[in-house]
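Coordinate analysis (summary)
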Amino acid sequence: MPFLRRRPPAPTLILTALLAASGLVGCAEVPDPGTITVLNSATDTHEHDEEQKFFDRCAKPLGVRVRQTSVPADQVASKALRMASSHSLTDILELDGSELPQFADTGGLVPLADAGVDVTGMSEGAVSMGSFRGTQYGIARSVNSLALIYNADLLREAGVEPPTTWDELKAAAKKLTRGRTFGMAFSATPDADGVYQFLPFFWSTGGDEARLDDGKGAPALQLWKDLVTSKSASSAVVTWNQQDVNDQFIAGRAAMMINGPWQVPVLSAQKNVTWEVAPVPVPEAGRPPVPPIGGTVMALPRTGDSGRQRTAAKIVNCLNEERNQVAWGEAVYNVPTRTAASAAYKDQNPKLGAFADQVATARSRTGRVGARWPVVSDALSGAFQSVLTGRATPDNALKQAQSRATAGK
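Only a predicted model underlies this, so the values are computations on that prediction, with no experimental measurement involved. (Residues numbered from 1 in each chain as written. Predicted model: local features only at pLDDT ≥ 70, side-chain atom pairs only at ≥ 80, totals over all residues. Heavy atoms only, no water.)

1. Description of the pairing of strand β13 (residues 296-299)
The two faces of β13 match: Thr 296 and Met 298 on one face and Val 297 and Ala 299 on the other face are all buried. Both strand β3 (residues 92-96) and β13 contribute to a ladder of 4 bridges, which runs antiparallel. When the sheet's bridge partners are listed, Glu 94 is paired in β13 with Met 298. Bridge analysis of strand β6 (residues 138-139) against β13 gives 2 bridges, and the strand direction is antiparallel. Bridging from a neighbouring strand, Ile 139 pairs with Met 298 of β13. (Buried < 20%, exposed > 50% of the residue type's maximum accessible area, 1.4 Å probe, protein only. Helix = DSSP H or I, 4+ residues; strand = E, 2+ residues; numbered from the N terminus. Pairing = 2+ DSSP bridges.)

2. So, the side chain of Ser 145
Mapped onto the elements, Ser 145 comes out in the loop between β7 (142-143) and β8 (147-151). In this structure Ser 145 comes out as buried when scored by relative accessible area, which is 2%. A polar atom in the side chain of Ser 145 sits 2.6 Å from the backbone oxygen of Pro 292. Those residues in contact with Ser 145 that sit more than four places away from it in its chain are Tyr 196, Asn 259, Gly 260, Pro 261, Trp 262, Pro 291, Pro 292, Phe 355 and Ala 362. (Polar contact = N/O pair within 3.5 Å; in protein donor to acceptor, adjacent residues only side chain to side chain. Contact = heavy atoms within 4.5 Å.)

3. Quick notes on the confidence of the model for the chain
Here the chain averages 91 in pLDDT, and 92% of its residues register 70 or above. Between residues 1-14, whose pLDDT stays under 50, and residues either more than four places distant or in other chains, the model counts 37 contacts. Predicted confidence for residues 17-27 stays below pLDDT 50, and this span has 18 contacts to residues more than four positions away or in other chains. (pLDDT = per-residue confidence, 0-100.)

4. A look at the packing of helix α10 (residues 218-229) against helix α17 (residues 373-388)
As a packed pair, α10 and α17 sit with axes 9 Å apart at the nearest point and diverge in direction by 35 degrees. Like other packed secondary-structure pairs, α10 and α17 cross with a definite hand, here right-handed. Contacts between α10 and α17 involve Leu 221, Trp 224, Lys 225 and Val 228 from the former and Ala 383, Phe 384, Val 387 and Leu 388 from the latter. Considering only residue class, the contact of α10 with α17 consists of 7 nonpolar, no polar and 1 charged. (Axes fitted to C-alpha atoms, helices over the stretch in contact; angles between N-to-C directions. Left-handed = near helix turned anticlockwise from the far one by under 90°. Nonpolar A, V, L, I, M, F, W, Y, C, P; charged D, E, K, R; others polar.)

What follows is the structure, given as structure tokens:
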């Protein structure tokens, strides 16, 4: 299940209006007392049906039903606005973790502790992803991240071990580049896909999204530039989204790629591709990888109905019990967020162990910059695009990026 979505236009204006609308009083349709409502982006039939199974499992003991309203991810905020203006905002709102600060900043969400939602035992990254200014407003049942996925047959034929450091990555990618096959593939599109893929390299070398021009992130830009300049990676990476990268890998035109667990269903269906997963290589041996943490969080909007809010909170608690987190993670190929559930998931899915391991050190995109993440993300994408297309050096690109991020306040 892809986690990256285009954000809606003018999110601050939309969400400010959402808060104002949710506080209005007047004529509204009386909600069915026996139905708890959810707004999410589960438009994929498989995901929607799986969601419903879990909702039904948790709602039945409470004597209620759950009705989902599912829209494309980039329409969740605008849909929430329209529902709020007609006084029909759902009891549970599920949105991308990177969007939560923009919602929480309006005051339109209920702190989970106040609602009685249990968030103990969660991974640090998952807590950060659901928090804003020290208060947790959202809870993720499962999360995803990135890893190095490689064609085991091609590496074996070339006598190459899965690389663990950047130097090993460059050497392996060069050796694996043969004929129409590039050694390495990644997404460097000027959007959320490219930024998500850049972050493991940027963060692992000490890059700081709050201080883009401090020079610490420049080596990550140089690494990507070196891979493309040496022709170990295609110059077309600036146009490949994450699905394109997976397509290149499946077609045999890339021996290694950076990608996420949402690609597992397609990869598993390939009879002629023997794939394995390893951690994202790091600058120096011994450093932990620091990938981004992605996925959706469940939040409770301020609807003014305390009774429905208590019932919704009980459903959210049930969904996040260890057994349900493990089962949900297996259903959507994501990693559970409770540490005990994550360990159980890894035991039951050893091939995906690298994803589970990396969640322990993964970071939230919004943890440092909060609601400013969209402008920082845009600035970062401009930096790696300008370097990969030869318009700027890494240091200059990041200085320009900081100026762009500052101007976007």
